Amino acid sequence: MSRAKHLLEVLLQQKMICIVMLLYLWASLVSPQKAFASLKYGANLFASLSIIIIAVFALIGLIQAKIGHQLVSSLLGHKSGFKGLLIAVGCGAILIGPAYVIFPLLMSVKRLGARWAVVTIVLAAWALKPQMLPVEAEFLGYPFALVRGMLVLLLAIPLGLAVEWFMPNEIP
């Protein structure tokens, strides 16, 4: 198989890249200047995010190498019981960072033995953002902020258990 044909096969497997390439092709036909400005902005954003993503993957590597399956499984696995679910609520509530950091981190923890309920609970509790509660209360009112915060925490565990019930045991 020629290199060009292999490259085309690989690109076709990556649907998002193909769609973006087609959109840029269309944009360059409609307005070359705007397409170039958009491409330049995208390249700058990619460069700045790449540094963060590389750092996150390095952190995930350290977690996998230093923490280990035994510890994660005992704290966040099926045998951890309700304690593991409470740890997940606490971790999710204090966790800060963007999705492109949180999702790979959670997949790493899942591969180390955490249960699906824990992953779901962390994501649900992550919506709380305690550091943002004063801002939320200022704009939407303290009753709203407190009720929403309490419901996020109270419903995180039932949501996690429900998601886990639907999920297969194997790791994607």
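Presented here is a report on the structure given in the accompanying data block. Quick caveat: nothing in here was measured; it's all calculated off a predicted structure.

### Section: the overall build of the protein
Logical step 1: Looking only at helices and strands, the protein features 9 helices and 0 strands.
Logical step 2: Reading the helices (α) and strands (β) of the protein from amino to carboxyl end gives α-α-α-α-α-α-α-α-α.
Logical step 3: Taking 16 Å as the expected radius of gyration for a compact globule of 172 residues, we find that the protein reaches 21 Å, considerably beyond that expectation.
Logical step 4: Looking at the protein residue by residue over its 172 residues, the buried ones come to 28%.
Logical step 5: Within the protein, residue pairs in contact and separated by at least 24 positions form 74% of the contacts whose partners lie at least 6 positions apart.
Logical step 6: Taken as a whole, the protein presents about 11900 Å² of accessible surface, with 76% of it coming from carbon and sulfur.
Logical step 7: In the protein, 13 positive and 5 negative side-chain charges are present, and the distance between their average locations comes to 10 Å.

### A short note on the packing of helix H5 (residues 81-94) against helix H7 (residues 116-126)
Each pair of packed helices can be described by the angle between their axes along with the distance between the axes.
Logical step 1: One can describe the packing of H5 onto H7 by two numbers: an axis separation of 7 Å at closest approach and a directional angle of 35 degrees. Note that H5 runs across H7; the crossing there is right-handed. Contacts between H5 and H7 involve Gly84, Leu85, Ala88, Val89, Gly92 and Ala93 from the former and Ala117, Val118, Ile121, Val122, Ala125 and Trp126 from the latter.
Logical step 2: Residue classes in the contact of H5 with H7 are distributed as 10 nonpolar, 2 polar and no charged.

### So, the side chain of Arg115
Logical step 1: Inspection of the secondary structure assignment puts Arg115 in the loop between helix H6 (99-111) and H7.
Logical step 2: Exposure remark for Arg115: the relative accessible area of 9% places this residue in the buried category.
Logical step 3: Side chain to side chain, Arg115 and Glu164 meet in a polar contact 2.6 Å long.
Logical step 4: Setting aside residues up to four positions removed in sequence, Arg115 forms contacts with Leu76, Gly77, His78, Gly81, Leu85, Lys110, Leu161 and Glu164.

### What about H5?
Logical step 1: Between the first and last C-alpha of H5 there are 21 Å, a value that for 14 residues agrees with the 20 Å anticipated at 1.5 Å per step.
Logical step 2: All of the buried residues in H5 are Gly84, Leu85, Ala88, Val89, Gly92 and Ala93.
Logical step 3: On the buried face of H5, the contacting elements are helix H4 (68-76), H7 and helix H9 (142-166).

### Overview of the side chain of Ser80
Logical step 1: Here Ser80 is to be found in the loop between H4 and H5.
Logical step 2: Here Gly77 takes part through its backbone oxygen, which lies 2.6 Å from a polar atom of the side chain of Ser80.
Logical step 3: Residues in contact with Ser80, not counting those within four places in the same chain, are Ser74 and Leu75.

### Focus: the environment of Lys83
Logical step 1: Its place among the elements puts Lys83 in helix H5.
Logical step 2: For Lys83, a relative accessible area of 47% gives the class partly exposed.
Logical step 3: Setting aside anything within four residues of it in sequence, one finds Lys83 in contact with Ser74 and Leu75.

### Side note on the packing of aromatic side chains
Logical step 1: Evaluated as defined, the whole model comprises 2 aromatic pairs.
Logical step 2: Relative to Trp126, the ring of Phe103 lies with its centre 6.4 Å away and its plane at 75 degrees, an arrangement referred to as edge-to-face. With Phe103 in helix H6 and Trp126 in helix H7, this residue pair connects regions lying 23 residues apart in the sequence.
Logical step 3: For Phe103, a relative accessible area of 44% corresponds to the partly exposed category.
Logical step 4: Under the relative-accessibility criterion, Trp126 is labelled buried at 14%.
Logical step 5: With 5.0 Å between their ring centres and 85 degrees between their planes, Trp165 and Phe166 make a pair best called edge-to-face. The exposure classification of Trp165 matches that of Phe166, with both residues exposed.

Parameters and conventions
Residues numbered from 1 in each chain as written. Predicted model: local features only at pLDDT ≥ 70, side-chain atom pairs only at ≥ 80, totals over all residues. Heavy atoms only, no water. Helix = DSSP H or I, 4+ residues; strand = E, 2+ residues; numbered from the N terminus. Rg over C-alpha atoms; globule rule 2.2 N^0.38 Å. Buried < 20%, exposed > 50% of the residue type's maximum accessible area, 1.4 Å probe, protein only. Contact = heavy atoms within 4.5 Å. Areas by Shrake-Rupley, 256 points an atom, 1.4 Å probe, with all protein chains shown as cover. Lys, Arg positive; Asp, Glu negative; His and termini not counted. Charge placed at Lys NZ, Arg CZ, Asp CG, Glu CD. Axes fitted to C-alpha atoms, helices over the stretch in contact; angles between N-to-C directions. Left-handed = near helix turned anticlockwise from the far one by under 90°. Nonpolar A, V, L, I, M, F, W, Y, C, P; charged D, E, K, R; others polar. Polar contact = N/O pair within 3.5 Å; in protein donor to acceptor, adjacent residues only side chain to side chain. Expected span 1.5 Å × (residues − 1). Phe/Tyr/Trp six-rings, centres within 6.5 Å; stacked < 30°, edge-to-face > 60°.

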